Amino acid sequence: MNRNITDRLTRLSVRLEELNHLLSSESVTANLDNYRKLTREHSEIVPIVELYRAYQLSERDIQTAREMHSFAEAEIQAGKEKLVKLESEIQKQLLPKDPNDERNIFLEIRAGTGGDESALFAGNLFRMYSRFAERRGWQVEIISQSLSEIGGYKEIIAKIIGQGAYSRLKFESGGHRVQRVPVTETQGRVHTSTCTVAVMPEADEVSEVVLNPSELRIDTYRASGAGGQHINKTDSAVRITHLPTGIVVECQDGRSQHKNKAQALSVLAARIHDKQMRAQHAEQAATRKSLVGTGERSERIRTYNFPQGRVTDHRINLTLYKMDQIMDGDIDELCSALMAEHQAELLAASVQE
């Protein structure tokens, strides 16, 4: 193994001992922000150090096999093959981590071209992601929704709460295209409609994104649509405009103005955080196009062709003939393939450097 890599692994092993000591102290939870950072760092380092220890053990086993002539050459060869696999896995683990990977997300789905059919497909996509979250034991909270007259959503924003939600779903941002015969089509013709999906990591605290009260315009108004008598008698709905960026967030699903304001501020912080991340990544994206796409919301990333029962992800040229399972939330194969492609790209870039 490369000397630089072993030196780095040794430092990580020492750091893990330090973290174990810090996290075992009684005063560690006195500062919750610091505790959160320490536990996040600990969870990132543990799998790397465990792989390094397995690598060291395999090295010792090979040495023992060489010293004991009764061992067959096959034992040594098997040990060498194991070392190669472990080294490959260690290299992957040492790739730069996305600091947002373990975070909860805000999921925004908007109907695009295609009118009612696009709104119905937005409903299908929301159900797909909701079922995916359920399968993983994650929680889904609707922040705001604009229902279509015949079903589905013109727009829906939800929060998905679960460890690693962003790491699994971050490549879903982009344009999703559907090809099928709409329920309103009398001639049986296949129509093409689109929806846009945006996946944004939740900021740790609103304080992570500085929201200056003087830069916020907060309007309250009476909630519209279904919601019972109470929701329509008070000005509980909240609209917040971030004046420097022009970002507008509305929330009216909660029963109280206080809750709606808190939810709207959380979404606003996530959108500003997302905008800042995109600005940071713009220069890097200009130098080399990511194999998994730029994540721009206008970019067509996937096509769902119902007549042929196929789903194609255009960024990695992957086509799966399992439409029913995918629409029921079985998108693990898609997510894993996108993550693997992203890792391969990072590895290639690290070798070039």
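The text that follows walks through the structure, step by step, so that each part is easy to find. What you see is a predicted model, and the numbers here were worked out from it, not measured in a lab.

On to the overall build of the chain. On a plain count of helices and strands, the chain comes out with nine helices and eleven strands. Considering the chain as a whole, with its 353 residues, one finds that 42% of them fall into the buried category. A fraction of 62% describes how many contacts in the chain between residues 6 or more apart in sequence connect residues 24 or more apart. Here the chain displays about 19200 Å² of accessible surface, and carbon together with sulfur accounts for 49% of that area.

Turning our attention to the packing of helix H1 (residues 3-23) against helix H2 (residues 32-67). Interhelical geometry of H1 versus H2 gives an angle of 135° and a closest axis separation of 9 Å. It follows from the interaxial angle that H1 and H2 lie oblique. H1 and H2 meet at a crossing whose hand is left-handed. Taking contact as the criterion, the partners of Thr6, Leu9, Thr10, Leu12, Ser13, Arg15, Leu16, Glu17, Leu19, Asn20, Leu22 and Leu23 in H1 are, on H2, Tyr35, Leu38, Thr39, Glu41, His42, Ile45, Val46, Ile48, Val49, Tyr52 and Arg53. Within the contact of H1 with H2, the residues separate by chemical class into 13 nonpolar, six polar and four charged.

Counted under the stated rule, the structure contains 25 salt bridges. Between glutamate 108 and arginine 110 there is a salt bridge, with its nearest N and O atoms 2.9 Å apart. Residue glutamate 108 is classed as buried on the basis of its relative accessible area of 1%. Of the charged contacts in the structure, one is a salt bridge between glutamate 117 and arginine 180, with a shortest N-O distance of 2.4 Å. Taken together, the positions of glutamate 117 in helix H4 (residues 115-135) and arginine 180 in strand S4 (residues 174-180) put the pair 63 residues apart, joining distant regions of the chain. Like arginine 180, glutamate 117 is buried. Linked by salt bridges that have partners in common, Arg127, Arg131, Glu134, Arg135 and Asp328 make up one network.

Here we come to unusual backbone geometry. The phi dihedral of asparagine 317 is positive, around 50°, even though this residue is not glycine. Of note, asparagine 317 is situated in the loop between strand S10 (310-313) and strand S11 (318-320).

Tracing the chain through its elements places serine 173 in the loop between helix H5 (165-169) and S4. Serine 173 sits in the buried class, given a relative accessible area of 4%. Polar contacts involving the side chain of serine 173 include one to the main-chain amide nitrogen of valine 199, which spans 2.9 Å.

Alignment of strand S1 (residues 105-111) against strand S5 (residues 191-201), held across seven bridges, turns out to be antiparallel. The residue of S5 that forms the bridge with alanine 111 is cysteine 195. As paired elements, S4 and S5 share seven bridges and run antiparallel to each other. Of the residues in S5, the one forming a bridge with glycine 175 is threonine 196.

Reading guide: rules and limits
- Residues numbered from 1 in each chain as written.
- Predicted model: local features only at pLDDT ≥ 70, side-chain atom pairs only at ≥ 80, totals over all residues.
- Heavy atoms only, no water.
- Helix = DSSP H or I, 4+ residues; strand = E, 2+ residues; numbered from the N terminus.
- Buried < 20%, exposed > 50% of the residue type's maximum accessible area, 1.4 Å probe, protein only.
- Contact = heavy atoms within 4.5 Å.
- Areas by Shrake-Rupley, 256 points an atom, 1.4 Å probe, with all protein chains shown as cover.
- Axes fitted to C-alpha atoms, helices over the stretch in contact; angles between N-to-C directions.
- Parallel < 35°, antiparallel > 145°, perpendicular 65-115°, else oblique.
- Left-handed = near helix turned anticlockwise from the far one by under 90°.
- Nonpolar A, V, L, I, M, F, W, Y, C, P; charged D, E, K, R; others polar.
- Salt bridge = Lys/Arg side-chain N within 4 Å of Asp/Glu carboxyl O.
- Polar contact = N/O pair within 3.5 Å; in protein donor to acceptor, adjacent residues only side chain to side chain.
- Pairing = 2+ DSSP bridges.

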